[in-house]
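The chain contents come next:
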Amino acid sequence: MRRTWWIYLIAVLGLIAVAAPFAWMFLGSFKTQGELLRVPPTWLPEAPTNQNYADLLSKANFPQYFLNSAIVAIAVTAGNLIFCSMVGYSLAKLRFRGRNALFVLVLATLMIPGVVTFVPLFVLVTNAGLANSYPGLILPFLVSPFGVFLMRQFFAGLPDDLMDAGRVDGTSELGIFARIMLPLTKPALATLGILTFLGSWNNFLWPLVIAQTEEMYTLPVALALYSTGQNAQNYGLLMAGAVVVVVPVLVIFLVFQRHVTRGIAITGLK
Amino acid sequence: MSSATLQEPAGRTRPAGPPAPRSRSRSVNRQTAAAWLLALPFVALFLAFTAGPVLGSLAMSFTDMKQRDLRTPFAVNGVGIDNYVKALSDETFRKAAFNTAYFVIVGVPLTLVAALAAAVLLDRGVKKFQSLFKVAYYLPVITSIVAIAVIWRFVLAPDSGLLNTVLSWVGIDGPNWLASKTWAMPSLIVMATWRNFGAAMIIFLAGLQGIPHTVEEAGQIDGASSWQRFRYLILPLLRPTILFTSVTTGIGYLQFFEEPLVMTQGGPLNSTISVSMYTYQQFGFGNYGLATSMSYILFVVIAVVTFIQFRLLREK
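Since this is a predicted model, take the numbers as computed values, not measurements. (Residues numbered from 1 in each chain as written. Chains lettered and ligands numbered in written order. Predicted model: local features only at pLDDT ≥ 70, side-chain atom pairs only at ≥ 80, totals over all residues. Heavy atoms only, no water.)

Focus: the overall build of chain A
Rules: A run of DSSP states H or I qualifies as a helix once it reaches four residues; a run of E qualifies as a strand once it reaches two. Both are numbered from the N-terminal end. Relative accessibility decides the category of a residue: with a 1.4 Å probe and only protein chains considered, values under 20% of the type maximum give buried, values over 50% give exposed, and everything between is partly exposed. Any two residues whose heavy atoms approach within 4.5 Å are treated as being in contact. A 1.4 Å probe and the Shrake-Rupley method give the accessible areas. Residues count as covered only by the protein chains that appear here. Just so you know, the count uses Lys and Arg for positive and Asp and Glu for negative, and it drops His and the chain ends. Charged groups are reduced to one reference atom each: NZ for lysine, CZ for arginine, CG for aspartic acid, CD for glutamic acid.
Along its length, chain A carries 14 helices and zero strands. Counting helices and strands in the order they occur from the N terminus, chain A gives α-α-α-α-α-α-α-α-α-α-α-α-α-α. Along the first, second and third principal axes, the C-alpha set of chain A runs to 75 × 65 × 30 Å. Each of the 270 residues in chain A was classed as buried or not, and the buried ones make up 57%. Sequence separation of 24 or more characterises 72% of the internal contacts of chain A that already satisfy a separation of 6 or more. Just so you have it, chain A exposes about 11,100 Å², and 68% of that area is on carbon and sulfur atoms. Within chain A, the 10 negative side-chain charges are centred at a point lying 11 Å from the centre of the 16 positive side-chain charges.

What about unusual backbone geometry?
Residues and elements named next belong to chain B. With an omega dihedral of -10 degrees, the bond running from G267 to P268 counts as a cis peptide bond. Within the secondary structure, P268 sits in the loop between α12 (258–263) and α13 (275–284). A positive phi angle is found at F129, which is not glycine, with a value near 60 degrees. Mapped onto the elements of the fold, F129 is located in the loop between α4 (91–125) and α5 (130–138). Accessibility expressed as a relative area gives 56% for F129, which makes it exposed.

Looking at the packing of aromatic side chains
Convention followed: In this scheme Phe, Tyr and Trp rings, the latter by its six-membered ring, pair at centre separations within 6.5 Å, and the angle between planes marks the pair as stacked below 30 degrees, edge-to-face above 60, and tilted otherwise. Consider the ring centre and the ring normal. A charge sits over the ring if Lys NZ or Arg CZ is within 6 Å of that centre and within 35 degrees of that normal.
A complete count under the given rule lists 37 aromatic pairs over all chains for this structure. Pairing F155 of chain A with F177 of chain A gives two aromatic rings, centres 6.3 Å apart and planes at 50 degrees, and the pair type is tilted. With F155 of chain A in helix α8 (residues 145–156) and F177 of chain A in helix α10 (residues 173–181), the pair connects residues that are 22 residues apart, well separated along the chain. In terms of burial, F155 of chain A and F177 of chain A fall into one category: buried. Put simply, the rings of F118, F122 and F204 of chain A together with F257, Y280, F283 and Y288 of chain B touch in pairs and so form one group of aromatic residues. For R152 of chain A, the ring lying beneath its charged end belongs to F103 of chain A, and the centroid distance is 4.3 Å. Above the plane of the ring of Y232 of chain B lies R231 of chain B, whose end atom (NZ or CZ) is 5.0 Å from the centre.

Some points on helix α3 (residues 82–89) of chain B
One turn of the α-helix equals 3.6 residues, which is why residues spaced by three or four share an orientation. For clarity, the threshold we go by: In this context, the arc is that of the directions from the helix axis out to the C-beta atoms.
Every buried residue belonging to α3 of chain B is among N83, Y84 and A87 of chain B, and all of these are buried. Down the axis of α3 of chain B, the smallest arc covering the buried residues is 95 degrees, so these residues share one side.

Concerning the environment of G250 of chain B
By the element assignment, G250 of chain B lies in helix α11 (residues 239–254). For the pair G250 of chain B and M65 of chain B, spaced 185 residues apart in sequence, the C-alpha separation works out to 31 Å.

Here's the deal with the interface of chain A and chain B
Many structure descriptions define interface size as the accessible area lost when the parts assemble. Filter applied, for reference: Buried area is calculated as the accessible area (1.4 Å probe) missing from two parts once they are joined, with the contributions of both summed. By definition here, a salt bridge exists when the distance from a side-chain nitrogen of Lys or Arg to a carboxyl oxygen of Asp or Glu is within 4 Å. Here a polar contact means two N or O atoms within 3.5 Å. Within protein one must be a hydrogen donor candidate and the other an acceptor candidate, and residues neighboring in sequence count only if both atoms are side-chain atoms. Asp, Glu, Lys and Arg are counted as charged, while Ala, Val, Leu, Ile, Met, Phe, Trp, Tyr, Cys and Pro are counted as nonpolar; the rest, among them Gly, fall into the polar class.
The partner chain B presents 95 residues to the 103 residues of chain A that form the contact. It is Y8, R95 and V116 of chain A in chain A that bury the most area against chain B; as a group they hold 7% of the surface buried on that side. Connecting chain A to chain B are zero salt bridges. Our count for the contact surface shared by chain A and chain B stands at eleven residue pairs in polar contact (both at pLDDT 80 or more). For the side of chain A that touches chain B, the element with the most residues is helix α14 (residues 235–267) of chain A, which contributes 15 residues. Considered class by class, the residues forming the side of chain A that touches chain B number 75 nonpolar, 17 polar and eleven charged.

Describing the side chain of S180 of chain B
All names here are of chain B. Relative to the helices and strands, S180 is located in the loop between α7 (162–169) and α8 (184–209). For S180, a relative accessible area of 16% puts it in the buried group. Separated by 3.1 Å, the side chain of S180 and the backbone nitrogen of T182 make a polar contact.

Considerations on the side chain of T109 of chain A
Structurally, the position occupied by T109 of chain A is in the loop between α5 (99–108) and α6 (114–127). Every residue in contact with T109 of chain A, bar those within four places of it in the chain, is listed here: P145 of chain A together with F46 and T50 of chain B.

Some remarks on the domain arrangement of chain A
All names here are of chain A. Our working rule: Boundary definitions for the domains trace back to an automatic or database domain assignment.
When cut into domains, chain A gives domain 1 (1–49) and domain 2 (60–267). Here domain 1 and domain 2 have C-alpha centroids that lie 33 Å from each other. Counting from both sides, the interface comprises nine residues of domain 1 and, opposite them, nine residues of domain 2. When domain 1 packs against domain 2, the two sides together hide about 750 Å² of surface, and 81% of this comes from carbon and sulfur. Contact with domain 2 buries area across many residues of domain 1, yet M25, S29 and Q33 alone supply 55% of it, more than any other trio. Our count for the domain 1 to domain 2 interface comes out at two residue pairs in polar contact (both at pLDDT 80 or more). Elements represented by at least two residues in the side of domain 1 that touches domain 2 include exactly α1 (4–28) and α2 (33–36).

Notes on the nonpolar core
Just so we agree on the cut-off: Take the buried residues of types Ala, Val, Leu, Ile, Met, Phe, Trp, Tyr and Cys, join any two whose side-chain atoms come within 4.5 Å, and each joined set is a nonpolar core.
Judged by nonpolar contacts, the single largest core of 185 residues is most densely connected at Y89 and F118 of chain A together with F42, Y137, M201, F283 and Y288 of chain B. The two domains that each donate at least three residues to this core are domain 1 (1–49) and domain 2 (60–267) of chain A. Each residue touching F42 of chain B, except ones within four places of it in the same chain, is listed here: V87, L102, V106, V143 and V148 of chain A.

Regarding the environment of A92 of chain A
All names here are of chain A. With respect to the helices and strands, the residue A92 is situated in helix α4 (residues 62–93). Residues A92 and Y8, 84 residues apart in the sequence, show an inter-C-alpha distance of 44 Å. Those residues within four positions of A92 in sequence are excluded, and the remaining contacts are R99, R152, F155 and A156.

Looking at a nonpolar patch on the surface
Residue and element names in this part refer to chain A. Put simply, the rule reads: Residues with no salt bridge and a relative accessible area higher than 30% make up the patches, which join like charges within 9 Å and nonpolar side chains (Val, Leu, Ile, Met, Phe, Trp, Tyr) within 5 Å.
A surface patch of nonpolar side chains, about 720 Å² in accessible area, is lined by W5, W6, L9, I10, V12, L13 and I16. Here V12 shows up in helix α1. Residue V12 is classed as partly exposed on the basis of its relative accessible area of 36%.

Quick look at the packing of helix α10 (residues 226–237) of chain B against α11 of chain B
Residues and elements named next belong to chain B. To be explicit about the condition: Lines are fitted to the C-alpha atoms to define the axes, a helix being fitted only along its stretch in contact, and any angle between axes, read from their N-to-C directions, falls within 0 to 180 degrees. Small angles under 35 degrees read as roughly parallel and large ones over 145 as roughly antiparallel, with 65 to 115 read as roughly perpendicular and the rest as oblique.
Between α10 and α11, the shortest axis-to-axis distance is 4 Å and the interhelical angle comes to 60 degrees. One way to sum up the angle between α10 and α11 is to call them oblique. Note on element contacts: α11 touches α10 through R239, P240 and I242, opposite L235, P236 and L237. For the contact of α10 with α11, the per-class residue count stands at five nonpolar, no polar and one charged.

This is how it looks when you write it as C-alpha cells:
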C-alpha cells in the first residue's frame with residue numbers, strides 16, 4: 001500500500017503531459033495575437049476573445065471545410081459499414097471457390113501505405129473527371145481491408161446454427177445475411193463505424209492531393225495549408241482551427257470509447 | 001496481426017449448410033452465388049483503387065512519366081531502372097532516407113518503452129480510475145496529426161512556448177527546437193512518441209491481462225525481485241505483443257509525413273525531410289515516374305523491415 005502514492009503520482013504526471021498541449025491549444029485559441037507572443041507566456045487568457053473563431057468564419061472558410069470533412073467522413077463510414085460487412089460475412093460464413101485467395105488478398109493489403117498508391121490513383125481519378133470532387137475524395141476509401149478483417153472476425157464468432165435454421169425455413173442466402181446475421185453484429189458495426197469516421201476525419205495525404213481548390217478542402221488540409229502559408233504567423237487563428245479539427249473527434253471518442261478499445265480487442269489492430 | 005487473432009475455435013470452420021447430403025451441392029452453389037454477390041462491390045472497388053494503383057505505381061516507376069502526361073498515361077517511354085538510379089544517387093533522397101531511419105530507429109523503441117511502462121503502471125499499480133488514465137493516454141492517438149503538429153509548433157516555440165517555459169522553471173534555457181539542425185528531429189520523435197504510445201499501450205494492456213497471476217506468484221515464491229519477475233517471466237510472455245506493436249508502429253513511422261510538412265517543412269537544411277515528404281514534393285514538381293520509384297523503394301523497405309522484425313521476435 002505504501003507504494004501506491006508514487007505510482008499515482010507518475011500516472012498523474014503522465015496525464016498532465018498528455019493533456020497540457022491540448023489545454024495550451026484550447027486556452028491559446030481565446031488569446032489575442034499580442035498575448036500569444038508575450039514572453040513569458042500567460043496561462044489563462046487575460047482578455048478572452050472570440051476573435052480567432054470569428055476569423056475562422058470571415059478570413060477563412062472553415063464552415064465549408066467542416067462540411068466537406070463531415071460529408072466525406074459520413075459517406076466513407078456508410079460505405080465501409082455496408083460493403084465490409086457484406087464481404088466479411090461471405091469470408092467468414094459462406095463456402096465458395098476463391099474464398100481463401102480473397103482472404104489472403106485482404107490480409108496482404110492491410111498494410112499498403114497510401115504513399116505507394118497515391119500517384120497512379122491521382123492519374124486514375126483525374127482521368128475519370130473526379131479530381132477536386134466529393135466522389136474523388138470518397139471513392140478510394142469506401143472499403144478498407146481493416147474493415148473487412150474486423151467484420152470477418154466478428155462474423156466468424158457467431159454460431160452457424162442460426163444460418164442453418166434460416167435455411168430450413170427457406171430463407172434465401174442474402175436474406176440470412178441481411179435479416180438474421182447482420183443485426184447480430186451491431187457491436188462490431190459500431191466499432192467499425194467510429195474507427196472509420198475518425199480515420200476519415202483525420203485523413204490527410206489523399207485530400208491534400210485531390211482537393212485542388214479551396215472550396216473542396218477538408219479540415220486537416222485547410223489547417224496544414226494555413227499553417228504553412230501566409231497565415232503561418234497568425235497563431236490565434238491556427239489554434240482555433242486546431243480546436244475545430246480536434247474537438248469533434250474528442251467528443252465522439254469520449255462518448256464511444258468502449259467501442260474503440262473493443263475493436264482493438266477483436267482484431268488486434270488499431 | 002498476431003497469429004492468435006486469426007485462429008478460430010475448432011468447429012466453426014466446418015462447412016455450413018443443411019445436413020442432408022443430396023441438397024448439399026445445391027446449397028453450396030447457392031452459397032457461392034451469394035458469396036460473390038456480397039463480395040462484388042468490395043472486389044470492384046478494391047481492384048480499381050488499391051490493387052490497380054499498386055501495380056500502376058510499379059509500372060509507372062519504370063517510365064519517364066511527368067505531369068504533362070497526366071491525360072495520356074499510356075503514351076510514356078520506358079526508361080528501365082533510371083528512376084531508381086536517380087533516386088538513390090539523389091543527395092536529398094539519401095538525406096530523407098537517413099532521416100526516416102533516424103526517426104524509426106529512435107522513435108519505435110522510445111514509443112514501445114513508453115507504452116510498456118504506461119501499461120505496466122496501469123495494470124499493476126493503478127486500480128482506481130484505471131480506465132480514466134487509459135482513455136486519457138489514448139486520446140492523442142485519435143486526433144489529427146496535422147492538428148497535433150500545429151499545436152506542438154506552439155508548445156516548442158522558442159520564447160513563448162510551453163516547453164521552454166517549463167524548462168526555465170528549473171533553470172534550463174531551452175533552444176529554438178524546430179529551427180535547430182540538432183534538435184528538430186528529436187523534437188519530432190518526442191512528439192510522435194507522445195501521440196502514438198497510447199495505441200501500443202492498449203495492446204500491451206491486453207497482453208498483460210492475458211498473463212495468469214500464477215506466473216508471477218510462482219516467481220514470488222522462488223524469491224525473484226519485481227524487476228526479475230518482469231524481465232524473466234513477464235517480458236518473454238509478451239513477445240508476440242511486442243512483435244505486433246513494433247511492426248505496426250514501425251510501418252507507421254516509416255511513412256512519417258505530416259509532422260515535418262507542418263512543423264519544419266523538412267528543414268532546417270533538410271534535417272527533417274522524410275522519404276514520404278520528398279516523394280510528395282517530387283509529385284508536386286510533376287516528376288511522377290521518379291516519385292513512384294521513391295514510393296516503391298519505401299514500400300520494399302517497409303516489407304523487408306517487417307520481415308526482419310518477424311524473424312527477430314518470433315517465438316523460439
